[in-house]
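# Structure assessment
Listed below are the residues making up each chain.
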Amino acid sequence: MLYIHDHLINAIGSQKLSCLCLLDLSAAFDTIDHNIQITHFSSWFGIQGSVLNWFESYLIPHSFRVKDFSSEHIFPCGVPQGSVLGPLLFVMYTTPLSTLISSLSLNHHLYADDTQLLFSFHPCNFDSSISHLQTALKLISSWMS
C-alpha cells in the first residue's frame, strides 16, 4: 500500500495521470498445474534433488474422498487450501508473470493471487498509454491461460 501511495503522490506532483489495474483470479490456488510448478522450481529457482522430490511428493498425488461414499478423486492441479505453503507456492508459480509484466514497463505488485498493475503518464499520452495497457492485459491473459 505504501508503494502504491508513494507512486501516486509522485505522479500527482509531476502532473501525471495514473492507472491502477487490479487483477483478481477466481479460484487461483486451484489453477496451479503441478507439472508446471515442478518445472518452475527447477528452472526459475534452481531447486533440485531431494528438495525438488519433497515438493513433488507434497503436490502429487493430491486426492480427496467423501467419507466412504465416493471413489478417490485425483487433483491434477492446485495446492492444499489453507496451507502455510499455499501462498508461497502460488507466488513461485507466478514468478514468470512478474518477469513478463516488468518487460512491459509496468510497475506491479504481486501478493498471492492478487496482481496490481500501476503506471503513470502525461495527459498528452493518454491514448497510447491506454493502448499499451490493453496490449499488456492481453499478454497477461495469454500467459495466465
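Everything here concerns the structure above.
Residues numbered from 1 in each chain as written. Predicted model: local features only at pLDDT ≥ 70, side-chain atom pairs only at ≥ 80, totals over all residues. Heavy atoms only, no water.

### A closer look at the nonpolar core
In plain terms, the rule: Put simply, buried Ala, Val, Leu, Ile, Met, Phe, Trp, Tyr and Cys residues joined by side-chain atoms within 4.5 Å make one nonpolar core. Note on classification: 1.4 Å probe, protein chains only; a residue is buried when its accessible area is under 20% of the maximum for its type, exposed when over 50%, partly exposed between these limits. Each helix corresponds to a stretch of at least 4 residues labelled H or I by DSSP, and each strand to a stretch of at least 2 residues labelled E; elements are numbered beginning at the N terminus. By the convention used here, residues are in contact when the closest approach between their heavy atoms is within 4.5 Å.
In terms of nonpolar packing, the biggest core is built from 15 residues, with Phe29, Phe41, Ile47, Leu59, Val79 and Leu89 touching the most fellow members. When contributions to this core are tallied by element, the ones reaching two or more residues are helix H2 (34-45), helix H3 (49-59) and helix H4 (85-93). A total of four residues in this core trace back to one element, the largest contributor, which is H4. Once residues lying within four places of it in the same chain are set aside, the contact partners of leucine 59 are His34, Gln37, Ile38, Phe41, Gly78, Val79 and Leu89. Judged by nonpolar contacts, the second largest core, of 13 residues, contains Leu97, Leu104, Leu106 and Leu117.

### Here we look at the layout of surface pockets
What counts is decided by this rule: Both cavities and pockets are sets of points on a 1 Å grid over the protein atoms alone; in a cavity a 1.4 Å probe fits but cannot get out, in a pocket the set is open with protein on both sides within 12 Å along at least five of seven lines, and lining residues sit with an atom within 4 Å of a point. Grid points are joined across faces, edges and corners, and a volume is the space filled by probe spheres set on the points. Ten residues, namely Ala, Val, Leu, Ile, Met, Phe, Trp, Tyr, Cys and Pro, are considered nonpolar, four, namely Asp, Glu, Lys and Arg, are considered charged, and the remaining ones, Gly among them, are considered polar.
The calculated volume of the largest pocket comes to roughly 250 Å³. Taken together, Leu25, Ser26, Ala28, Thr31, Ile36, His40, Phe90, Tyr93, Thr94, Trp143, Met144 and Ser145 make up the lining of the largest pocket. For the lining of the largest pocket, the secondary-structure elements that each account for two or more residues are H2, H4 and helix H6 (126-144). For the lining of the largest pocket, the class distribution of residues is seven nonpolar, five polar and no charged.

### Brief notes about the packing of aromatic side chains
Heads up, the condition is: Pairing of aromatic rings covers Phe, Tyr and Trp, the last through its six-membered ring, and needs centres within 6.5 Å; plane angles under 30 degrees mean stacked, over 60 mean edge-to-face, and all others mean tilted.
The full count for this structure, using the stated rule, is five aromatic pairs. Measuring from centroid to centroid gives 5.8 Å for tryptophan 54 and tyrosine 58, while their planes differ by 10°, and the two rings are stacked. Of this pair, tryptophan 54 and tyrosine 58 both sit in helix H3, four residues apart, roughly one helical turn. Tryptophan 54 gets classed as partly exposed once you look at its relative accessible area, which sits at 46%. Tyrosine 58 gets classed as partly exposed once you look at its relative accessible area, which sits at 27%. Between phenylalanine 119 and phenylalanine 121 the ring centres are 5.4 Å apart and the planes differ by 35°, which places this aromatic pair in the tilted class. The buried category is assigned to phenylalanine 121, whose relative accessible area is 6%. Clustering of aromatic rings is evident, with ring pairs tying together Phe41, Trp54, Phe55 and Tyr58.

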